[in-house]
Amino acid sequence: MSPSVRTRPEASGRALSEAYDTALLDLDGVVYAGGSAIAHAVESLERAREGGMRLAYVTNNALRTPDAVAGHLTELGIPTEAGEVITSAQAVARLISEQVPEGARVLVIGGEGLRVALRERGLVPVESADDDPAAVVQGFGGPDLPWGRFAEASYAVARGVPWFASNTDLTIPSGRGIAPGNGAAVEVVRIATGAEPQVAGKPLPPMHRETILRTGAERPLVVGDRLDTDIEGAFNGGVDSLLVLTGVTDGAQLLAAPPQHRPTYVDADLRGMLTGQPEVTADGDGFRCGGWTATADGAVGEDEGGRERGRLRLDGDGEVLDGLRALCAAAWTSAGEGSCGLDAGKALARLGL
């Protein structure tokens, strides 16, 4: 759904599960939320797999091992092998292994997922800055991670030991709401030392590389709910993406997305993998999808500061998602390489978004 190409020719009219060989699926907000499967996820993934699409689950959460993640998915009704799970712990372990000798000690600030991934690469996890580590690695350690672990990291980093982070997501969803993520913990060490870590997780290239190496995907489709990790990661990897609206991204954020945050496709949930995506076509000064036409108007009013501000207008009727797709085309074309600042409130309200 970029401004120049609304629908990929190879996917137009075909189910995405047929047009792409592998789905690289985020977990939180896409497959499950708060430990429970999201509506339509189980049956959609089953049908995609039955149709020949390979499924891989790609997560920035470095706390749990692939075995644990696979076990959870299997309990939810999605049979999964550990080899189908790729974590930022695996990506950062590979990154470290390329820079330190085999058998080197690595100070771990995080959970079991990091320790397992390091051992897989022939590295030795240690617990203290006094254990002469060759590297420090920091990953999400869960709510019970002791404060003293940040001190251990800070002591080693301040001595010049190379510092790595699995990811820098500032928040993580939980069953009770939004909690601080690994990025918040990384900030603690950054403030204490003034250093900068090497980061492996989405949206950065080491995570995409790890995913492709482990899956062998030739025509991958990234499926996610976050613009700044899943969709940007697909952009950085040069692959197509599907945004599902079951997680953190809302309509206003999607319309304001800069180029690196614009998905190829957008749908309500994982059922979108099983259908062909509708065409979005130029229609005079606007863009049409289904029964809707979206237009970017120039300055038609003033904002609270008295500055002139344009708006996105939506005319017609039909499926809600078609209206949103048409609005995306109008907004992103108007914004070009920037972020769309047009008022979309009335248009989105008409769609109930």
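Visitor: For this particular structure, what's the right way to read the overall build of the protein chain?
Guide: Per the secondary structure count, the protein chain includes 12 helices and 19 strands. Seen along its three principal axes, the alpha-carbon backbone of the protein chain occupies a region of about 70 × 55 × 35 Å. Split into buried and exposed, the 353 residues of the protein chain put 52% on the buried side. Accessible surface, the protein chain: about 15000 Å² in total, of which carbon and sulfur atoms supply 50%. With 31 positive and 49 negative side-chain charges, the protein chain shows a spacing of 1 Å between the two charge centroids.

Visitor: Could you clarify how one ought to interpret the sheet that holds strand β4 (residues 54-59) in this entry?
Guide: Within a beta sheet, neighbouring strands are joined by backbone hydrogen bonds and run either parallel or antiparallel to one another. Taken together, six strands build an open sheet; the order of strands is β5-β4-β1-β13-β14-β15 and the sheet is parallel. Each having just a single partner strand, β5 (85-87) and β15 (265-267) make up the two edges of the open sheet. Direction aside, the axes of adjacent strands within the sheet are offset by 25 degrees on average. The strands touched by helix α2 (residues 41-50) are β1 (22-25) and β4; relative to β4, the strand with the most contacts, the crossing angle is about 135 degrees. Strands β1, β4, β5 and β13 (220-224) of the sheet are contacted by helix α8 (residues 205-215), whose axis makes an angle of about 155 degrees with β5.

Visitor: How should I be thinking about empty space enclosed by the protein in this particular structure?
Guide: Over the atoms rolls a probe the size of a water molecule, and its path tells where empty space is left. On inspection of all chains with the given rule, the structure shows three cavities of 30 Å³ or more. Here the largest cavity is characterised by a volume of approximately 230 Å³. Taken together, 19 residues form the lining of the largest cavity, with Asp28, Asn60, Asp169, Ile172 and Pro173 sitting closest to its centre. Considering each element in turn, the lining of the largest cavity owes the most residues, three residues, to strand β10 (residues 171-174). Taken together, the residues that form the lining of the largest cavity break down as five nonpolar, eight polar and six charged. Quantified by volume, the second largest cavity comes out at close to 140 Å³. Along the walls of the second largest cavity sit 16 residues, with Val58, Lys202, His208, Thr211 and Val222 positioned nearest its centre. Broken down by secondary-structure element, the contributors of at least two residues to the lining of the second largest cavity are β1, α8, β13 and α9 (227-237). Take the lining of the second largest cavity: its biggest share by element is four residues, from α8. Within the lining of the second largest cavity, the residues separate by chemical class into 10 nonpolar, three polar and three charged.

Visitor: Whenever I open this one, helix α7 (residues 182-193) confuses me. Can you help?
Guide: The α-helix winds at 3.6 residues per turn, so residues separated by three or four positions along the chain end up facing the same way. Here α7 contains 12 residues, and its C-alpha end-to-end distance of 17 Å stays within 8% of the 16 Å for a straight helix at 1.5 Å per residue. Buried within α7 are the following residues: Asn182, Gly183, Ala185, Val186 and Val189. End-on, the buried residues of α7 take up no more than an arc of 155 degrees, which puts them together on one face. Exposed side chains of α7 directed beyond 90 degrees from the buried face belong to Ile191 and Ala192. Close packing links the buried residues of α7 with β8 (135-138), α6 (148-158) and β9 (163-165).

Visitor: Quick question: what am I supposed to make of the packing of α6 against α7 here?
Guide: Packed helices, taken two at a time, are described by the angle their axes make and the gap between the axes. Following both chains from N to C, one finds α6 and α7 inclined at 45 degrees, their axes separated by 9 Å at the closest point. With respect to each other, α6 and α7 are oriented oblique. Relative to α7, α6 is oriented so that their crossing is right-handed. In contact with Phe150, Ala153, Ser154, Val157 and Ala158 of α6, α7 contributes Ala185, Val188, Val189, Ala192 and Thr193. Of the residues in the contact of α6 with α7, the class split is eight nonpolar, two polar and no charged.

Visitor: Sorry, what's going on with the sheet that holds β8 here?
Guide: The five strands are arranged β7-β6-β8-β9-β12 in an open sheet whose pairing can be described as parallel. A strand with exactly one partner marks an edge of an open sheet, and here the two such strands are β7 (124-126) and β12 (198-199). Examined bridge by bridge, β9 and β12 share two bridges and lie parallel to one another. Along β12, the bridge assignment pairs Ala165 with Val199.

Visitor: Where do I start with helix α5 (residues 112-120) in this structure?
Guide: Along α5, the positions that sit buried rather than exposed are Gly113, Leu114, Arg115, Ala117 and Leu118. At its buried positions, α5 is contacted by α4 (88-97), β6 (105-109), β7 and β8. Following α5 by one or two positions, Gly122 adopts a phi angle in the positive range, close to 80 degrees.

Thresholds applied
- Residues numbered from 1 in each chain as written.
- Predicted model: local features only at pLDDT ≥ 70, side-chain atom pairs only at ≥ 80, totals over all residues.
- Heavy atoms only, no water.
- Helix = DSSP H or I, 4+ residues; strand = E, 2+ residues; numbered from the N terminus.
- Buried < 20%, exposed > 50% of the residue type's maximum accessible area, 1.4 Å probe, protein only.
- Areas by Shrake-Rupley, 256 points an atom, 1.4 Å probe, with all protein chains shown as cover.
- Lys, Arg positive; Asp, Glu negative; His and termini not counted.
- Charge placed at Lys NZ, Arg CZ, Asp CG, Glu CD.
- Pairing = 2+ DSSP bridges.
- Axes fitted to C-alpha atoms, helices over the stretch in contact; angles between N-to-C directions.
- Contact = heavy atoms within 4.5 Å.
- 1 Å grid on protein atoms, 1.4 Å probe; cavity = no way out; pocket = protein on both sides within 12 Å on 5 of 7 lines; lining within 4 Å.
- Points joined across faces, edges and corners; volume = space filled by probe spheres on them.
- Nonpolar A, V, L, I, M, F, W, Y, C, P; charged D, E, K, R; others polar.
- Expected span 1.5 Å × (residues − 1).
- Arc of directions from axis to C-beta.
- Parallel < 35°, antiparallel > 145°, perpendicular 65-115°, else oblique.
- Left-handed = near helix turned anticlockwise from the far one by under 90°.

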